[in-house]
Amino acid sequence: MPLRETISAGQQHRALGLSTFAFTICFAVWTIFAIIGIEIKQELGLNDTQFGLLVGTPILTGSLVRLFLGVWTDQYGGRVIFPLTMLASAASTVLLSHADSYPLMLLAALGLGLAGGGFAVGVAYVSKWYPQERQGAALGFFGMGNVGAAVTKFLAPWIMVAFGWQAVAQIWAGALALVAVLFFLFAKDDPELAARRLSGEKPKGLKEQLEPLRNEQVWRFSLYYFFVFGAFVALALWLPKYLIGVYGVDVKVAGMLAATFSLSASVFRAYGGILSDRYGARKIMYATFGVSLFLLFMLSYPATDYTIHGVKGDIRFSTSMGLVPFVMAIFVLGFFMSLGKAAVFKHIPVYYPDHVGSVGGLVGLVGGLGGFILPIVFGAVSDLTGIWTSCFAVLFALVGVALTWMHLAIRQMEHKASGIDARSLPQFPEMAGLHDAARHGPVPAAKVLADWRPEDPQFWEETGQRIASRNLMISIPALLLAFSVWMVWSVVVAKLPLIGFDYTTDQLFWLAALPGLSGATLRIFYSFMVPIFGGRLWTTLSTASLLIPAFGIGYAVQNPDTPYFIFLVLALLCGFGGGNFASSMANIGFFFPKSRKGNALALNGGLGNLGVSVMQFLVPVVITTGVFGAIGGDAQVTKDGAHLWLQNAGFIWVPFIIASALLAWFGMNDIADAKASFAEQAAIFQRKHNWLMCWLYGSFIGFSASLPLLAKKEFPEVEVLKYVWIAPLVGAISRAATGWVADRWGGARVTFWVFIAMIAATLGVVHFLQAKDFSGFLAMFIVMFAVTGVGNASTFQMIPNIMRLEMPRLMPELSAAEATRKAEKEAAAIVGFTSAIAAYGAFYIPKAFGSSITLSGSALPALFGFMIFYVSCAALTWWAYTRRGGLLHDIERGAPAAPLSQGVPA
């Protein structure tokens, strides 16, 4: 171990990075039959059992060779064994592209499967570069190479449709061979091998390497991996065929949707190692098996029609899982399987540091066999029963057995250890005989900041500022993308009638309004997610979730027969972007001291809001050209003969979302003590001023959602999408740059005049609508957005001052210091809750415009209703806060204002 501790971080990162990249390409080749097998099945007329055998053959080879490849890596080094393995697999993949019969394809598939053995090589190689306390995270990161299955599902369908399955095999083989050469050139011998060569020591013999395999613990360990990894591989291979057969989608859509499972079952593996370190692997395994059992029960229930003979006649109903719930279910299933894979495998280098190759090889072998056996079982059970969901029933039974066995083993161990503190027991019951608390105790995760003191000037200057700034710089683009996806539906909806979607005006405004409704609702829940999951994981998850509506939009708009219900679902899913704001602001707030918190949150919220303008500027451009070529699909022909690629409104965000999610995962941090009790925060529901501030906080996001559609409806002769993005841009800049106005003159006074300006601007909109003057109409909206940006800052500047003044009255028993701390906690909670409630403006403002036009043929009634609302807000602000005797009158005109502690949420 001391040898490993002398290795530089650069050497470790290079070994880990090269190995992870190589394993990703290996896994992409290893699962290639998930896509090309569909076309091969049709060409050769294979039944489901034959298809399952063909798909599973590479998995068999890759599993069986893992044990020996792991041993050879311990003996001869990963720098040699890894490239040789990849080259042998690449040669077999080329042979596959020339095979013209089923037996020859099976032979080529055997050799192709060597790519799967790269896992054992990488585990043995990577573990030798890291000390024990970091091996779990390192191997978890390496295991994320499972994402290669998603790479195949994303890219292979398009290449296969365009050039045939043979081209896929040849391209994948070429990539694998190239990576093998690059790995050999740039990788270094692991430190143990280098030291052994210097000393002339011979490697351990095969018998000595295999000695730990006599332990029953290792074999039971392997059972867990049979499910968490084997079932993952099996489903990665089986899902495209399942989606085509059950839901009737084409191979490209099937590949994309199946990739959501592969992604979730891969990219979160590193976090599984961190959670196992923090909470114990036993808890992670319970969570994995428990959630999987529930989801697999739901997935295994077949579509069924019921007829009940009732008193007044037959009652008929059906049960089935739609496509969107199915994709969501497998995404969650993949997430927990990803955690389980890390929880199982991270212990191998800890308990068997000198036999990582052999033990890891055996565990990987058994897990890989699951990937071979289960597809064959899936095919056989499907042939026997004729029920598509039978594959999930098989996995349900498997998880039930594994969970029962694990629980009984734990109970038996606890019975034997009665009288001993249960917390001292090993994280896995089968490791009781090997557990050493001193060696095998949990260690803090590298990305968790256990010591975080931003209020300490020395700590902030030396350490804190750099880390906080990095997290802020990663958070801003993630939030910008969230706002872009949240509001993209407003532009898409405006174009739907042009390409053949025959929806009424009210239906279109419903579609524009629903993202606001779901986004506002999700904000309430997202506010509590960061203390539960950690800011790093939640930012990654919430950003990655944007892929679902982005892909969904891209596919749905290409078919005019897409049901209106699907568009309603996609509109609701766009609300993921709206919910992200609450968690993003909560997370960033933890990183900065009070003196810098306001500016940091203003930058995060204000620049994040630029996503609305970015979307409204970018989308009209990309939908007029085939940005993605043949991969992006054909253009839609409008009623006037023009061509639109409306699917690009969704697809354009995909690469940026993926990059941002990865950046969040690898670049952000969690703060260990960033926790807040819900009971502490729930006190705000009893505070009068919480509800008053909810009423006052006007959200410009509702106008952002409705402006494109309203402008298009009122000015059909104008290309409004070229101009409407200016208004939210002005609003975002105003929000980020005008916090000082409220600091200078007082939040309540500024808020009062903001509402007066909003009343005047609304009257201006009414005037120019009646005059049919688009320039004046747009100018008034720009004014409205600008003053609302000022109001966002001024309204939230009021909250800390209100709570500091109110707390001595509400809780007189508290000391001055305690009252201040309590006021800051409640002010923070009010900020989050108020931003969530106000976000419902993104629903009710577009809906108000739609209903107004439907009922009266004009948007004027809605505008007059908004004007009345602003009058009530101005009156409330004056009466409660700014008049003589109002709560904030004196402090804003004489006593210094309390320092701003919360920034400018949206």
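Each chain has its residues counted from 1, running along the sequence as written. Local features in this predicted model are restricted to residues whose pLDDT is 70 or higher, and side-chain atom pairs enter the listing and the counts only when it is 80 or higher, whereas totals over whole chains, interfaces and linings include all residues. Side-chain calculation: all heavy atoms of the structure are included, whereas hydrogens and water are not.

## Quick notes on the overall build of the chain
Point 1. Looking only at helices and strands, one finds 43 helices and six strands in the chain.
Point 2. Remark: exposure states derive from per-residue accessible area (1.4 Å probe, protein chains only) relative to the maximum for the residue type, with buried under 20%, exposed over 50%, and partly exposed in between. With 906 residues in all, the chain has 60% of them scored as buried.
Point 3. Note on definitions: a residue-residue contact is assigned when non-hydrogen atoms from the two residues lie within 4.5 Å. In the chain, of all internal contacts separated by at least 6 residues, the share reaching a separation of at least 24 is 83%.
Point 4. Using a 1.4 Å probe, accessible areas were evaluated by the Shrake-Rupley method; residue-level cover was limited to the displayed protein chains. Carbon together with sulfur atoms contributes 66% to the accessible area of the chain, which is approximately 34100 Å² in total. For the purposes of this entry, the term helix denotes a DSSP run of H or I that reaches at least four residues, the term strand denotes a run of E that reaches at least two, and both are numbered from the N terminus.

## A few points about the nonpolar core
Point 1. Among buried residues, the Ala, Val, Leu, Ile, Met, Phe, Trp, Tyr and Cys ones that are joined through side-chain atoms within 4.5 Å form a nonpolar core. Formed by 203 residues in total, the largest nonpolar core has its most connected members in Phe33, Phe289 and Trp489.
Point 2. No other element matches helix α23 (residues 457-495), which puts 18 residues into this core.
Point 3. Residues in contact with phenylalanine 289, not counting those within four places in the same chain, are Tyr224, Phe227, Val228, Val399, Ala402, Leu403 and Met406.
Point 4. Formed by 58 residues, the second largest nonpolar core is a distinct cluster that contains Val754, Phe774, Leu860 and Ile891.

## Things to note about a nonpolar patch on the surface
Point 1. A surface patch of nonpolar side chains, amounting to about 630 Å² of accessible area, comprises Leu87, Leu178, Val181, Leu182, Phe184, Leu185 and Phe186.
Point 2. If you tally residues by element for the nonpolar patch, the top one is helix α11 (residues 165-186), at six residues.
Point 3. With respect to the helices and strands, the residue valine 181 is situated in helix α11.
Point 4. Taking the relative accessible area as the measure of exposure, valine 181 reaches 43% and is therefore partly exposed. Residues form patches when they are more than 30% accessible in relative terms and have no salt bridge. Like charges link within 9 Å. Nonpolar side chains (Val, Leu, Ile, Met, Phe, Trp, Tyr) link within 5 Å. Any carboxyl oxygen of Asp or Glu within 4 Å of a side-chain nitrogen of Lys or Arg constitutes a salt bridge here.

## Topic: helix α6 (residues 78-97)
Point 1. For α6, built from 20 residues, the straight-helix expectation of 28 Å at 1.5 Å per residue is met to within 8% by its first-to-last C-alpha distance of 29 Å.
Point 2. Taken residue by residue, α6 has Gly78, Ile81, Phe82, Pro83, Thr85, Met86, Ser89, Ala90, Ser92, Thr93, Leu96 and Ser97 as its buried positions.
Point 3. Buried-residue contacts for α6 involve α2 (9-30), α3 (33-44), α5 (66-76), α7 (102-112), α8 (118-127) and α11. In this scheme, a helix's expected span is set at 1.5 Å multiplied by one less than its residue total.

## Points about the environment of lysine 241
Point 1. Mapped onto the secondary structure, lysine 241 falls in helix α14 (residues 216-247).
Point 2. With relative accessibility at 10%, the residue lysine 241 sits in the buried group.
Point 3. Linking lysine 241 and valine 251, residues 10 residues apart in sequence, is a C-alpha distance of 8.3 Å.

## Let's talk about unusual backbone geometry
Point 1. You will see that lysine 772, though not glycine, has its phi angle at about 55°, which is positive.
Point 2. Inspection of the secondary structure puts lysine 772 in the loop between α38 (747-770) and α39 (774-810).

## A look at the environment of isoleucine 81
Point 1. In this fold, isoleucine 81 is placed in helix α6.
Point 2. The spacing of isoleucine 81 and leucine 69 is 12 residues in sequence and 7.4 Å in space, taken between C-alpha atoms.
Point 3. Look past the residues within four positions of isoleucine 81 in its chain and what remains in contact with it is Leu69, Trp72, Thr73, Tyr76 and Val121.

## A few points about the side chain of serine 484
Point 1. Position of serine 484 relative to the elements: it lies in helix α23.
Point 2. Residue serine 484 is classed as buried on the basis of its relative accessible area of 0%.
Point 3. Serine 484 has contacts with Gly611, Met615 and Trp653, leaving out every residue within four places of it along the chain.

## Some words on the packing of α2 against α8
Point 1. In this analysis, axes come from line fits to C-alpha atoms, helices being fitted only over the stretch in contact, and the angle between any two N-to-C directions falls in the range 0 to 180 degrees. Interhelical geometry of α2 versus α8 gives an angle of 175° and a closest axis separation of 10 Å. Put simply, α2 runs roughly antiparallel to α8. On α8, the residues that touch Ala15, Leu16, Ser19 and Phe23 of α2 are Gly118, Phe119, Tyr125 and Val126.
Point 2. Residues belonging to the contact of α2 with α8 are distributed by class as follows: six nonpolar, two polar and no charged. What sets the label is the angle itself: under 35 degrees gives roughly parallel, over 145 gives roughly antiparallel, 65 to 115 gives roughly perpendicular, and the rest give oblique. Each residue gets one label: Ala, Val, Leu, Ile, Met, Phe, Trp, Tyr, Cys and Pro are nonpolar, Asp, Glu, Lys and Arg are charged, and the others, such as Gly, are polar.

## Side note on the packing of aromatic side chains
Point 1. Stacked, tilted and edge-to-face pairs are distinguished by plane angle, under 30 degrees for stacked and over 60 for edge-to-face with tilted covering the rest, among Phe, Tyr and Trp rings (Trp via its six-membered ring) whose centres lie within 6.5 Å. If you walk through the whole model with that rule in mind, you get 32 aromatic pairs.
Point 2. An angle of 55° between the planes, with centres 6.1 Å apart, marks the rings of phenylalanine 227 and phenylalanine 289 as tilted. Placement of the pair is phenylalanine 227 in helix α14 and phenylalanine 289 in helix α17 (residues 281-300), with a sequence separation of 62 residues.
Point 3. Phenylalanine 289 sits in the buried class, given a relative accessible area of 0%.
Point 4. In textbook terms, an aromatic cluster arises when at least three aromatic residues are bridged by ring pairs, as seen for Phe23, Phe27, Trp30, Tyr225, Phe229, Phe232 and Phe261.
Point 5. Two conditions define a charge located above a ring, namely a distance within 6 Å from the ring centre to NZ of Lys or CZ of Arg, and an angle within 35 degrees of the ring normal. Above the plane of the ring of phenylalanine 184 lies arginine 79, whose end atom (NZ or CZ) is 4.3 Å from the centre.

## Notes on the pattern of salt bridges
Point 1. Scanning all chains against the criterion turns up two salt bridges.
Point 2. One salt bridge in this structure joins lysine 772 and glutamate 714, with 3.4 Å as the shortest N-O distance. Of the two residues, lysine 772 is situated in the loop between α38 and α39 and glutamate 714 in helix α35 (residues 701-714); the sequence distance between them amounts to 58 residues.
Point 3. The exposure class of glutamate 714 is buried, given its relative accessible area of 14%.

## Regarding the confidence of the model for the chain
Point 1. Looking at the chain, pLDDT values average 76 and 77% of them are 70 or higher.
Point 2. The score called pLDDT rates the predictor's confidence residue by residue, from a low of 0 to a high of 100. When mean pLDDT is taken per element in the chain, α11 scores highest with 91 and helix α22 (residues 437-440) scores lowest with 46.
Point 3. Contacts of residues 437-446 to residues separated by more than four positions or lying in other chains number 14 contacts, the stretch itself having pLDDT below 50.
Point 4. Contacts for the low-pLDDT stretch residues 896-906, under 50 throughout, to residues beyond four places or in other chains number 48 contacts.

## Some thoughts on the packing of helix α34 (residues 688-696) against helix α42 (residues 860-882)
Point 1. Running from N to C, α34 and α42 point in directions that differ by 145°, and their axes come no closer than 10 Å. In terms of crossing hand, the pair formed by α34 and α42 is left-handed. The segment α34 lies against α42, with His689, Leu692, Met693, Trp695 and Leu696 engaging Phe869, Ser872, Cys873, Leu876, Thr877 and Tyr881.
Point 2. Grouping the amino acids of the contact of α34 with α42 by side-chain chemistry returns eight nonpolar, three polar and no charged. Left-handed describes a crossing in which the near helix is turned anticlockwise from the far one by less than a right angle; the clockwise case is right-handed.

## A few points about the environment of isoleucine 25
Point 1. Along the chain, isoleucine 25 turns up in helix α2.
Point 2. Linking isoleucine 25 and threonine 152, residues 127 residues apart in sequence, is a C-alpha distance of 9.2 Å.
Point 3. Residues contacting isoleucine 25, with those up to four places away along its chain left out, are Ala175, Leu176 and Val179.

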